[in-house]
Every structure is written in C-alpha cells, then in structure tokens.
Amino acid sequence: MAESTSKSTKSTSVTIPESFDYEKIGLMVGLEIHQQLDSAEKLHCHCPNHTMKEEDITFEFMRYLRPKANNLGMLDAAVVEQTKSGRKYIYKGYENVCLGDIDEESPATMNPEALDIGLTIAKYFRMVTVDNIQVMRKIIVDGSGVTGYQRTSYIAGHGLVETPEGNCRIASLCVEEDSAPSLGTTEDYLMFSLDRLGIPLAEIATEPDIRTPQQARAVAARIGMTLRSTGRVKRGLGTIRQDVNISITGGRRIELKGVQALDMMEELIKREIVRQQTLIAIRDELNARGASVPGEIVDVTSLFENTSSKVLQKGLKSENGKIVAILLKGFDGFVGREVMPGRRLGTEFSDKGKALGVTGLFHTDELPAYGITPEEVEKLRSFMKAAPEDAVIMMAGREDMIRRAMEAVVERAQQTLVGIPAEVRHALPDGNSSYMRPMPGAARMHPETDVEPIPLDREYYKNIRLPELLTEKAVRMGKDYALNDEFAEKIAFSSHADLFEKLAAKYKGNESVTPTLMARVFTGILPEMKRDGEDIDVLKDDHFEKTFDAVASGKASKDAVRDILSSFCRTPDRSTEEIIGDLGIGNVDVSEIESFVDDLVAQKTDFIRSKGMAATGPLMGPVMAQFRGKADGKLINKIVTEKIRAVLESWRALFQGLFLNAGVLCFSWKAPDSRLFLSSGTGILFFCRREPVFCFSVVGDRYSVFYRRETVFCFLCPDISVFLNVSGKCRQNTKETREHIVRNRIYIIERWTYRSWRPEDLLIF
C-alpha cells in the first residue's frame with residue numbers, strides 16, 4: 001500500500017552527518033560473518049556441495065511450519081511471530097537434494113572435511129576449541145528450512161582479530177547448515193530453493209568491541225581475508241554474508257542481516273545510529289504531548305463503499321475484504337516523520353504488517369492521496385473520534401490477515417512510546433534497513449538428538465598447518481615474480497593464485513609468457529570478459545594452460561589470449577589449434593609487418609618530422625589493427641620505433657646542412673649558462689636552465705606563444721638578420737611582434753621540457 005513508497009505530506013527529513021562523536025553516543029558494534037565452506041559434500045548428508053540454476057528444478061512440494069518449543073518447553077518470540085501469517089511454504093528441488101534435505105530421513109554425522117576447514121579457521125584466530133562438539137537445533141520457521149530448524153555446532157571461542165583500527169575479540173565459531181534462499185513471495189505462500197540448503201557454513205561472531213564504523217569494516221575485511229587464505233571457502237556473490245549488531249546509549253541492540261558489500265557497512269551503521277537517535281527524540285516528544293495508543297481495531301469498511309481509490313477497491317475485492325483502522329492519540333505529524341532518509345515512522349509500522357503478509361497501510365499524515373478524497377479523510381477522522389493532534393492508520397484486504405497485521409502495528413506504535421524495540425532488520429542496498437522479525441532469544445536452541453556428539457582431538461588441532469595469509473602471499477609474490485604491488489595483491493587474493501604459481505614455474509624464463517602477462521589475464525582480462533557477459537565460469541585450469549602454451553610456443557601472440565579464452569567460453573571442448581585456425585590469429589612473418597610499416601611511414605613522413613618520436617603512438621594504432629593477435633605488440637612497437645627513428649636520422653642530416661648554410665639563432669634573456677645541443681633525432685636545440693623564455697610558434701598565418709621555464713626550443717630561418725630584428729621585441733606579446741613573426745615565417749622546430757630529455761639522445765656541440 002501507500003506507505004511503502006510514498007512521500008508524506010507532513011514528513012520531516014533527516015540527514016546523515018559526515019561524522020559522529022562515537023564515544024559520546026556509546027556506539028557498540030559486533031559482527032557475525034557467515035562463510036560457505038568449499039567441501040565436497042553438504043554438512044549433514046552426502047549430496048554434492050554446489051548450487052543449481054532455477055531451470056534445473058526437478059520437483060516441488062509444500063509444507064506448513066508451526067511454532068516449536070525447545071526441550072524445556074519454552075517458545076521463542078521470533079518463532080511465534082514468524083508463524084502468524086499462516087502462509088504455506090513451497091520448496092523447489094534439484095538433483096543435489098536428498099531425503100535428508102526434505103526431512104524424510106535422519107541426518108548424517110558432521111562432514112569431517114567441513115569440520116577440518118572450521119578448525120583451520122579457528123587456529124588462524126588462536127581460538128580455544130571445545131572437547132566435544134554438540135550439534136544443536138536452532139528453531140527457524142520463516143520457511144528457509146524444511147525441518148523448521150537449522151543444525152549448528154559450536155566448535156571454538158575466545159579468539160582475536162587484530163587490525164590497525166583496533167583489535168576485536170571473537171566470541172564463537174560455529175559450523176552450521178546454510179538456509180534455503182527465497183524464490184518469491186505472495187499473500188498465500190513463500191517459495192524456496194533447496195539447492196543451497198545444507199551447504200556448510202562457518203559462522204564467526206565477534207564480541208561488541210567495535211567502536212567506529214571504520215573499525216567494523218577493518219575487522220570484517222580482516223576476517224574475510226583470513227577465511228579466503230584457507231583456500232577452502234567458496235568465492236563469489238552470496239557465498240559470504242555479514243550481519244552487523246549495533247547499539248547506542250539509550251537505544252537497543254539491532255541486528256542488520258545480509259550486509260553483502262563491505263563498502264556499505266559504514267553507511268549502514270551511520271544510518272542505524274540516526275534511526276535510533278530519531279526514534280528516541282520522537283519518543284520524548286510524544287510522551288511530552290501525552291500521546292497514547294488505545295489499540296482498538298475498528299471496522300471502517302462502510303465509510304469507503306463508494307471509494308474511487310483503486311488500492312482500497314482491490315483490498316475490498318479480496319476474499320472477505322474489509323478496511324480496518326486504529327487511532328493513535330497525539331501522533332499527528334509523527335507518523336510521516338523520517339527516521340532514516342526516505343523511510344518514516346509510518347514505514348516502521350508498515351514493515352510490521354508486511355512481515356505478516358500485508359502489502360502496506362495508509363495514515364492520515366499522507367492523506368488525502370491515492371484516490372482517497374478529503375471528504376473521505378474527514379469522515380474517517382470523525383468516525384474514529386480523532387482530534388486535530390491525533391493520527392489514524394488503516395489497512396484494506398482479507399480481514400483475518402489485516403487484523404493480525406494491525407495487531408502488530410498497534411504493538412509497534414505502543415513501543416514507540418517506550419523506546420526502540422530490539423529486532424532483526426534487513427540491510428537494504430541504499431544503506432537503510434527494514435524490519436524482519438523480533439530479536440531471537442535462547443529459547444530457540446536445543447540439542448539435536450539425531451546426531452551423536454563428536455569428540456575433538458587436541459593433538460589433531462595442534463598439528464593443523466595454516467596456509468599462508470593472503471597479505472603475506474602478496475608480498476612474497478611481488479618479490480618472487482617481479483610484480484608491482486597492485487598486480488601482486490590482486491593475483492594473491494584471486495581464486496587463480498595457485499594456478500598462477502603453477503604456470504609461473506612451468507613458463508619460467510619464457511620471454512612471451514611472463515608472470516606479468518598471466519597476472520594481467522587473471523586479474524584484468526577475465527573481469528573484463530565477465531563484464532561483457534561472457535561465461536567465464538566454464539573455463540578450467542587446462543583452458544588457461546593450453547592458451548599460454550600457444551603463446552609460449554609462438555603459435556599465437558600475447559594479444560590473442562582474450563580471443564582464445566573467449567572461444568573456449570563458447571566451445572570449451574575444442575582444441576587450441578582449431579580455435580587459432582578459425583580466428584586466423586597465427587603468427588605472421590616479420591617481413592610482412594616491416595613492409596606494412598614502411599608503406600605507412602612513407603605516407604606519414606611530414607607527420608613524423610613534425611612530431612618526432614611522439615609519432616610512435618599514433619602510428620601504432622593502424623599497425624596493431626592490422627596485426628592484432630597475429631604478432632606481439634612489443635615486436636610491433638620495436639619495428640615502428642626503428643622505422644620512425646630512421647626517418648628522423650635522415651632528417652637530422654638534412655637539418656645539419658641547413659645549420660651550416662643558413663642562419664640559425666637560438667635566444668633567451670639573461671642566460672649566461674646557455675648552451676647549444678645537437679639532438680640525435682630532432683635538430684638544433686637550445687636549453688635555458690634558469691630563465692623564463694618567450695617562445696613563438698608560427699605556421700602560415702597561425703601562431704602561439706609559450707611562456708615557460710626550462711624550455712628547449714629551436715628556430716630555423718633563412719636569414720640571421722630576421723632574428724636580430726625580432727630579438728629586441730620578443731619580451732612582450734605585442735601586435736607588432738606577432739605581425740613581424742608571421743611576416744617572416746619563423747618556424748619553431750621542437751620544444752620540450754628539460755625533464756623529458758634523455759642524456760643519450762643529446763650530443764653537445
């Protein structure tokens with residue numbers, strides 16, 4: 001309904017400050033990191049550990065889930081709320097789903113490979129392991145598990161994460177089952193995919209030691225880097241998820257679930273701080289007003305029997321469709337007030353209804369709107385006996401659903417007068433968050449009776465060998481393979497690091513397949529291919545090895561690597577020889593390249609003489625276009641450079657003759673240490689080390705003036721007297737000077753800055 005998208009007419013905007021006094025507001029943050037483990041099988045069955053595509057669904061079934069008490073007979077509040085909607089759950093199955101996933105047979109004991117990965121992670125953080133692992137049932141009835149619970153096992157605690165922003169203690173490390181992801185939701189049912197259900201997860205929970213958003217990001221990054229250092233965790237979108245627990249003085253602990261990107265973590269924390277501060281301010285203002293929430297849910301259907309509002313009409317057309325309303329005394333102007341940018345107090349109320357299957361609500365802070373007329377609003381306020389300072393909220397839809405949802409809204413409105421409810425919220429892409437469920441408690445945990453406890457051998461844990469941390473690997477690879485810092489870090493952190501090292505050893509000493517080339521392929525070309533929509537996931541290690549073999553043997557050039565890999569993406573079973581033949585990228589004879597460059601240079605002689613060696617770049621373009629993939633770019637550059645230098649050498653000889661037979665003057669002002677040089681490729685040059693120089697460039701009727709320090713320049717003119725006449729006038733850019741320069745056609749052959757000179761290019765006169 002309206003509150004989910006509209007902007008209130010009585011809203012008060014909030015902004016996010018650049019910084020906070022985090023110590024003053026008492027910020028406390030803790031993290032929960034969930035990382036999929038790359039074992040061969042799922043955690044409590046022998047199904048393969050991989051996800052499937054939706055088009056591969058082979059069967060489906062439906063279940064209802066109900067609240068379950070733990071072994072002490074206690075019910076968890078979050079569990080109770082999650083079953084109030086009464087919706088059914090539909091599960092989609094695949095070939096990697098077994099009877100255990102659908103709760104038709106007992107679970108297997110914990111996957112030993114997943115446990116070994118978990119213990120490796122624990123050792124990185126110097127954690128203390130338990131003596132016996134007890135598998136527990138964590139009751140979750142939101143539909144993400146067929147059984148109504150998730151199996152989780154505490155294996156270690158008392159660890160430490162060290163970062164430059166500050167250290168953070170680790171409270172626990174658990175190995176648990178991943179949940180089923182949602183495939184969609186309607187008013188009647190929720191759909192889930194079973195392919196991910198049961199994949200092993202490592203859950204790392206920190207203590208609330210984090211005091212700034214920057215430290216939160218640093219701790220999360222350090223944990224993520226450590227997890228990837230094992231080389232035994234899954235990579236890619238959705239394989240690692242972060243939950244952020246946040247509280248401030250006077251507020252409550254809020255858990256933000258599903259933080260996918262580290263880049264958003266700081267913004268999410270700042271926005272939650274603002275939300276809690278705003279809700280505290282609203283509470284104080286409402287109490288000062290004497291606001292209250294009577295809680296009576298009133299049927300107001302008769303007021304809107306002839307409404308033209310399409311939203312209300314749709315609700316009334318539902319099975320047993322009704323419109324109900326509640327009165328919020330003293331809330332006028334507050335329901336439309338923003339608590340986060342773009343989200344209002346009314347949105348907080350609406351989220352509670354949505355959790356029970358209702359699409360939204362209307363409130364009088366935003367009405368009239370959405371086809372609801374001013375007259376209808378007045379009738380509603382009158383019927384509800386609303387004073388000017390009161391607000392009214394209403395919902396339309398199936399009566400049983402909207403009454404359950406309105407009860408939740410009443411509860412949330414009453415909480416507004418007390419403070420901030422502790423709850424689990426969903427992290428949104430824009431940095432805001434939305435309500436999910438109440439904060440769970442200890443009542444949702446109890447022992448799993450179908451799996452025996454697992455004893456842990458302390459000697460086994462002691463002897464686990466830790467792989468090299470990725471940060472350390474980056475430093476080593478930079479030294480071992482002469483990579484710059486950027487390449488070394490990217491390749492060390494990439495999923496191809498081991499393959500890179502294997503191939504670097506194979507092609508050691510090969511001039512074509514160098515470590516830099518391979519790093520560029522793995523960290524640059526592959527991401528480019530993915531952005532262009534190519535399916536790089538089909539590429540296996542042997543595809544890369546075959547491609548580099550072709551380059552190393554001279555069958556293909558380095559510039560052909562992407563084309564070959566792209567062909568493997570489309571036809572992974574073809575041979576390298578077939579691909580090279582079809583692409584027409586076999587190596588060409590050097591003489592063919594030289595012939596092409598000779599013709600190009602002959603056409604561009606004037607351009608080369610005006611640009612000097614700077615002509616190399618522009619001339620490389622057409623040559624590369626002709627021979628890309630057929631010849632190495634380095635070889636092409638060498639041929640083009642040599643051909644251009646030959647043209648300039650012949651021009652230099654001509655220029656020397658002009659110097660001997662014509663008048664040449666190089667001048668500057670107050671330059672006692674001026675010297676003349678003869679360049680190997682650009683003619684006569686003059687260098688003024690200290691003084692500024694006026695430098696006029698004239699071609700035909702055009703001219704330009706350059707005023708620079710340390711400028712190298714040269715004049716060519718048929719008569720020295722021209723320069724003598726000009727020299728007295730060059731101090732100022734006057735009209736007379738410009739006309740004199742243009743009339744006598746003085747040409748500046750070259751101008752450089754001192755820093756661009758190479759000593760080997762110059763011969764002192």
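Residues numbered from 1 in each chain as written. Predicted model: local features only at pLDDT ≥ 70, side-chain atom pairs only at ≥ 80, totals over all residues. Heavy atoms only, no water.

Caption draft 1: Representation of the packing of aromatic side chains in the model. Under the criterion given, the structure shown has ten aromatic pairs. Here the aromatic rings of Tyr89 and Phe192 are separated by 6.1 Å at their centres, their planes lie at 55 degrees, and the arrangement is tilted. With Tyr89 in strand 3 (residues 88–93) and Phe192 in strand 10 (residues 189–193), the pair connects residues that are 103 residues apart, well separated along the chain. Each member of the pair, Tyr89 as well as Phe192, is classed as buried. Arranged with centres 5.9 Å apart and planes meeting at 25 degrees, the rings of Tyr91 and Phe192 form a pair that is stacked. Taken together, the residues Tyr91 in strand 3 and Phe192 in strand 10 connect sequence positions 101 residues apart. For Tyr91, a relative accessible area of 0% puts it in the buried group. (Phe/Tyr/Trp six-rings, centres within 6.5 Å; stacked < 30°, edge-to-face > 60°. Helix = DSSP H or I, 4+ residues; strand = E, 2+ residues; numbered from the N terminus. Buried < 20%, exposed > 50% of the residue type's maximum accessible area, 1.4 Å probe, protein only.)

Caption draft 2: Representation of the side chain of Asn96 in the model. Tracing the backbone shows Asn96 in the loop between strand 3 and helix 3 (112–124). Discounting chain neighbours no more than four positions away, the residues touching Asn96 are Lys42, Cys47, Pro48, His50, Met52, Asp101 and Asp195. (Contact = heavy atoms within 4.5 Å.)

Caption draft 3: Broad picture of unusual backbone geometry. Cis geometry is adopted by the peptide bond preceding Pro368, which originates at Leu367 and carries an omega value of 5 degrees. The topology assignment puts Pro368 in the loop between strand 18 (362–363) and helix 8 (374–383). Phi at Asp103 is positive, roughly 65 degrees, even though this residue is not glycine. Although it is not a glycine, Asn320 sits at a positive phi angle of roughly 55 degrees. Note that Asn320 resides in the loop between helix 6 (310–316) and strand 15 (321–328). Judged by its relative accessible area of 49%, Asn320 falls in the partly exposed class.

Caption draft 4: Region of interest: the pairing of strand 11 (residues 200–206). Most of strand 11 is tucked away, with seven of its seven residues classed as buried. Going residue by residue along strand 11, you find Pro200, Ala202, Ile204 and Thr206 tucked away on one face and Leu201, Glu203 and Ala205 tucked away on the opposite face as well. When strand 1 (residues 28–36) meets strand 11, the two strands line up antiparallel, connected through five bridges. The residue bridging Gln35 from the neighbouring strand is Ala202, located in strand 11. Strand direction decides the pairing type here: strand 8 (residues 168–177) and strand 11, joined by seven bridges, are antiparallel. Looking across to strand 11, one finds that Glu177 is bridged to Pro200. (Pairing = 2+ DSSP bridges.)

Caption draft 5: Here's a closer look at the confidence of the model for the protein. Taken over all residues, the pLDDT of the protein has a mean of 82, while the share at 70 or more is 81%. In this model residues 4–9 is a low-confidence stretch, pLDDT under 50, and it forms 15 contacts with partners more than four residues away in sequence or in other chains. Scored below 50 in pLDDT, residues 740–765 makes 72 contacts in the model with residues more than four places away or belonging to other chains. (pLDDT = per-residue confidence, 0-100.)

Caption draft 6: Highlighting the nonpolar core. The biggest cluster of nonpolar side chains holds 89 residues, and the ones touching the most others in it are Leu328, Phe331 and Phe349. The biggest single contributor to this core is helix 5 (residues 265–289), with nine residues. Non-local contacts of Leu328, meaning those with residues more than four positions away in its chain, are made with Ser292, Val293, Val335, Phe349, Asp390, Ala391, Ile393 and Ala413. Tyr507, Ile525, Ile536 and Ala550 belong to the second-largest nonpolar core, a separate cluster that totals 37 residues. (Core = buried A, V, L, I, M, F, W, Y, C linked by side-chain atoms within 4.5 Å.)

Caption draft 7: The state of the cysteines, seen in detail. In this structure the tally under the stated criterion is zero disulfides. Not engaged in a disulfide, the cysteine Cys47 finds its nearest cysteine sulfur in Cys98; these two sulfurs lie 3.4 Å apart. Judged by relative accessible area, Cys47 falls into the buried class, the value being 9%. (Disulfide = S-S within 2.5 Å.)

Caption draft 8: Local environment of the pattern of salt bridges. This model, assessed by the stated rule, comprises 46 salt bridges. We note a salt bridge from Glu177 to Arg151, for which the minimum N-O separation is 3.2 Å. Pair noted here: Glu177 is in strand 8 and Arg151 is in strand 7 (residues 149–161), with a separation of 26 residues, a long-range link. Residue Glu177 is classed as buried on the basis of its relative accessible area of 10%. In this structure, the salt-bridge partner of Arg275 is Glu272, at a minimum N-O distance of 2.9 Å. Separated by three residues within a single helix, Arg275 and Glu272 lie in helix 5, roughly one turn from each other. Accessibility classification places Arg275 together with Glu272 in one group, the buried group. (Salt bridge = Lys/Arg side-chain N within 4 Å of Asp/Glu carboxyl O.)

Caption draft 9: Layout of the sheet that holds strand 2 (residues 59–63). Spatially, the four strands line up as an open sheet ordered 2-3-10-9, and their pairing is mixed. With partners counted over all chains shown, the strands left at the sheet margins are strand 2 and strand 9 (182–185), one partner each. Ignoring strand direction, the axes of neighbouring strands in this sheet form an average angle of 20 degrees. Sheet analysis places strand 9 next to strand 10, joined by three bridges and oriented antiparallel. Within the sheet, the bridge partner assigned to Gly184 lies in strand 10 and is Met191. (Axes fitted to C-alpha atoms, helices over the stretch in contact; angles between N-to-C directions.)

Caption draft 10: Just the environment of Tyr91, in detail. Here the alpha-carbon distance between Tyr91 and Glu60, two residues 31 residues apart in the chain, equals 5.3 Å. Excluding residues within four positions of it along the chain, Tyr91 makes contact with Phe59, Glu60, Phe61, Arg63, Leu65, Gly143, Gly145, Val146, Phe192 and Leu194.

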